[in-house]
Amino acid sequence: MQETINQEQERYVIGVDLGTSAVKTVLVNRKGQVAYETSQSYPLHQPKAGYSEQHPEDWVRGTLASLKELVEKAGIGGTDAVDGISFSGQMHGLVLTDKEGKALRPAILWNDTRTTTQCRRIEEQLGPALLRIARNRALEGFTLPKLLWVQEHEPDVLARAAHFMLPKDYVRYCLTGELAMEYSDAAGTLLLDIANKQWSEEIAAAFDLPLSLFPPLVESFDQTGTLLPEIAEQSRLSPETKVYAGGADNACGAIGAGILSEGRTLCSIGTSGVVLSYEERKDLDIQGRAHFFNHSEQDAYYIMGVTLAAGYSLTWFKDTFAPEHSFDALLEDVNSVEPGSRGLLFTPYIVGERTPHPDATIRGSFIGMDAGHKLAHFTRAVLEGITFSLKESIDILRGTGKTVNEVISIGGGARNEAWLQMQADIFNADIVKLESEQGPALGAAMLAAYGSGWFESLQACAEAFLREAARYSPNPERVARYEGLYELHREVYLHTRELSKHLAAYR
Ligand SMILES: Nc1ncnc2c1ncn2[C@@H]1O[C@H](COP(=O)(O)OP(=O)(O)O)[C@@H](O)[C@H]1O
Ligand SMILES: O=C(CO)[C@@H](O)[C@H](O)COP(=O)(O)O
């Protein structure tokens, strides 16, 4: 085999990123280099409008196939070259299992919006206790509303449930036979007492949820067993391979970008867009204006704002109005247009919004269309609208007293230089692009590396693994121009909120 690895010298860890469209696995060496990567996709089911489900068995099958291919590609089958495996996972999805660990129904995912009624019930019943304990607002995507939906609509399923799990925890359970949930993902359930790092008996009791449903809580870098013999046999990994708990995809994305100390901020433009900043103050009260979650680093937190359709807005725009173009071709001309797209604004609310407007009914708009506008103006307006929306999350971070003068940019949005410079000019901060583009999968591998004792801290691991590739600094003239446009952008939500509500009847 041409690239067979020298098993005497090379040691590896594996990061598994269980995403919404696919699972990705990476094999990482001690220098932080991704030696091999594989991926397996699985279907997303939308049985009704607003429903979004996946079969947990598809995740397990996909993960095993991906691991098997990774081991084969690297030529390490039957060896003990892998010191540890860990996981990053799509957050919030509800998996209910019976006593044997079998999933009782399809998983209800983070982007399923059937639970508006349950969210209102949570707010009414818990009042201020919700923000005091769970530190986040009741949003359709979170897990507790999904549990309450099952309680109301499928009571027999809940009655048969022995446990609830989150997506990556279910996969890890199937690989190891050990039940556990770690804090960074548990934080997205609305059932965790975030500051005290324990299940909230108060919230569970308010909704008659037995505590027996809740898995034991562990740290992201804790070992949660080894591979079951049959899994080891199928993947050709050693049954001694240690498995570490892992983290929520955003926590792992943050680790993979080195967001491990106060003042470090990440902007990730993938399908959705995330702005996230490290936070040490566990008692910081942001009044639910953004998400406040436990980090995968011990006793650390992060504040996160989410633009639901970030890259998705650009993809929608391309597929609808310029399907013959590649992303690169579409974005080629954006720099021929001045900042402000000659008076054209776009708001990216095409599937509703989360931060700063938790509003499932709002929809997007182009404001200021002029007969002189061409495709390049619309394209630039889409990029600017997505970036303005992410700046609203940056403003929330700055409002907590944080200094945001450097932002690590990852995801699809970091593939285009014009967009990276635009982020610098709109955020008024240096934008840093990293050498590695692996994001959450690398973060998961780093948890395994730290768990396995390769480094004495996650921070030391980040210093060894991550390298800056490029830096984009804000241009003062463009910063000033964008400040004015940003104020106009913020007005658009206020003026289209009611219109969107009325238009909902026609959708
Ligand atoms: N060459 C490119 N330049 C700018 N944006 C891109 C490019 N390619 C993809 N994108 C954007 O990035 C998004 C995908 O980013 P990615 O990080 O791969 O997302 P995810 O992991 O959520 O699928 C797409 O929705 C698209 O809008
Ligand atoms: O809901 C959230 C975070 O609150 C999402 O970030 C999901 O966790 C996204 O999963 P992928 O799009 O990465 O699969």
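In the annotation of an unreviewed UniProt entry, the protein is listed under the name Xylulose kinase and assigned to Paenibacillus ottowii. Regarding the protein, the relevant UniProt record gives this comment under Catalytic activity (unreviewed entry): "D-xylulose + ATP = D-xylulose 5-phosphate + ADP + H(+)". Note on the protein: under the UniProt heading Sequence similarities (unreviewed entry), the record states "Belongs to the FGGY kinase family."

A. Up close: the site of ligand 1. For ligand 1, the set of nearby residues contains 15 residues, the closest of which are Thr271, Gly311, Thr315, Asp328 and Gly412. At 2.8 Å, a side-chain N or O of threonine 315 approaches an oxygen atom of ligand 1. Separating an oxygen atom of ligand 1 from a backbone N or O atom of glycine 412 is a distance of 3.1 Å. Counting residues per element, the ones that place at least two in the shell around ligand 1 are α11 (311-321) and α12 (327-331). If one sorts the elements of the shell around ligand 1 by residue count, α11 sits on top with 4 residues. Looking at side-chain class alone, the shell around ligand 1 contains 6 nonpolar, 7 polar and 2 charged residues.

B. Just the packing of aromatic side chains, in detail. If you walk through the whole model with that rule in mind, you get 19 aromatic pairs. For the pair phenylalanine 292 and tyrosine 301, a centre-to-centre distance of 5.4 Å together with 15° between the ring planes defines the contact as stacked. Take phenylalanine 292 and tyrosine 301: they sit in the same class, and that class is buried. Look at tryptophan 316 and phenylalanine 346: their rings are 6.3 Å apart centre to centre, the planes differ by 15°, and that puts the pair in the stacked class. Note that tryptophan 316 is positioned in helix α11 and phenylalanine 346 in strand β20 (residues 345-347), a separation of 30 residues in sequence. Over the aromatic face of tryptophan 454 sits the side chain of arginine 30, whose NZ or CZ is 4.8 Å from the ring centroid. One residue, arginine 135, lies across the ring of phenylalanine 292, its end atom 4.5 Å from the ring centre.

C. Focus on empty space enclosed by the protein. Counting across every chain of the model gives 3 cavities of 30 Å³ or more. In this structure, the largest cavity spans a volume of roughly 100 Å³. Lining the largest cavity are Asn136, Arg137, Leu139, Phe142, Gly288, Arg289, Ala290, His291, Arg354, Thr355, Pro356 and Pro358. Of the residues contributing to the lining of the largest cavity, the split by class is 5 nonpolar, 4 polar and 3 charged. For the lining of the largest cavity, the two domains that each supply at least three residues are domain 1 (12-250) and domain 2 (258-438 + 475-507). Around the second largest cavity sit Leu131, Arg135, Leu284, Asp285, Ile286, Gln287 and Gly288, which together line it.

D. Focus on the domain arrangement of the protein. Each assigned domain of the protein is listed here: domain 1 (12-250) and domain 2 (258-438 + 475-507). The centre of domain 1, based on its C-alpha atoms, is set 27 Å off from the matching centre of domain 2. Of the roughly 2,200 Å² buried between domain 1 and domain 2, counting both surfaces, carbon and sulfur atoms make up 51%. When the area that domain 1 buries against domain 2 is broken down by residue, the three leading residues are Arg135, Arg137 and Asn250, summing to 27%. Scanning the region where domain 1 abuts domain 2 turns up 1 salt bridge. Aspartate 299 is paired through a salt bridge with lysine 197; the nearest N and O atoms lie 2.6 Å apart. At the boundary of domain 1 with domain 2, the tally comes to 11 residue pairs in polar contact (both at pLDDT 80 or more). Elements that contribute at least two residues to the side of domain 1 that touches domain 2 include exactly β2 (22-29), β3 (34-41), α7 (183-186) and β15 (247-248).

E. Highlighting the layout of surface pockets. By volume, the second largest pocket is sized at about 220 Å³. As for the second largest pocket, its lining consists of 16 residues, of which Ala257, Gly258, Arg264, Leu434 and Leu466 are closest to the centre. For the lining of the second largest pocket, the secondary-structure elements that each account for two or more residues are β22 (406-410), β23 (430-434), α16 (458-465) and β24 (468-472). Counting residues per element, the lining of the second largest pocket draws most heavily on α16, which supplies 3 residues. Of the residues belonging to the lining of the second largest pocket, the class tally is 7 nonpolar, 3 polar and 6 charged.

F. Looking closely at the side chain of aspartate 58. Mapping aspartate 58 onto the fold places it in helix α1 (residues 56-74). The class of aspartate 58 is buried, set by a relative accessible area of 15%. One polar contact links aspartate 58 to arginine 61, side chain to side chain, over a distance of 2.6 Å. Here aspartate 58 is in contact with Tyr42, Pro43 and His45, once residues within four sequence places are set aside.

G. How the structure looks around the pairing of strand β17 (residues 273-279). With 7 of its 7 residues buried, β17 lies for the most part within the structure. Here β17 shows no split at all, with Gly273, Val275, Ser277 and Glu279 on one side and Val274, Leu276 and Tyr278 on the other all buried. Where strand β16 (residues 265-269) lies against β17, 5 bridges are found, and the strand directions are antiparallel. Paired with cysteine 267 across the strands is valine 275, a residue of β17. What sits between β16 and β17 in their antiparallel hairpin is a turn of 3 residues. Across 7 bridges, the pairing between β17 and strand β19 (residues 301-307) is antiparallel. Within the sheet, the bridge partner assigned to valine 275 lies in β19 and is glycine 305.

Conventions and cut-offs
- Residues numbered from 1 in each chain as written.
- Chains lettered and ligands numbered in written order.
- Predicted model: local features only at pLDDT ≥ 70, side-chain atom pairs only at ≥ 80, totals over all residues.
- Heavy atoms only, no water.
- UniProt positions renumbered as here; feature names shortened; annotations may be inferred.
- Near = heavy atom within 4 Å.
- Polar contact = N/O pair within 3.5 Å; in protein donor to acceptor, adjacent residues only side chain to side chain.
- Helix = DSSP H or I, 4+ residues; strand = E, 2+ residues; numbered from the N terminus.
- Nonpolar A, V, L, I, M, F, W, Y, C, P; charged D, E, K, R; others polar.
- Phe/Tyr/Trp six-rings, centres within 6.5 Å; stacked < 30°, edge-to-face > 60°.
- Buried < 20%, exposed > 50% of the residue type's maximum accessible area, 1.4 Å probe, protein only.
- Lys NZ or Arg CZ within 6 Å of the ring centre and 35° of its normal.
- 1 Å grid on protein atoms, 1.4 Å probe; cavity = no way out; pocket = protein on both sides within 12 Å on 5 of 7 lines; lining within 4 Å.
- Points joined across faces, edges and corners; volume = space filled by probe spheres on them.
- Domains from an automatic or database assignment.
- Buried area = accessible area lost by both parts, 1.4 Å probe.
- Salt bridge = Lys/Arg side-chain N within 4 Å of Asp/Glu carboxyl O.
- Contact = heavy atoms within 4.5 Å.
- Pairing = 2+ DSSP bridges.

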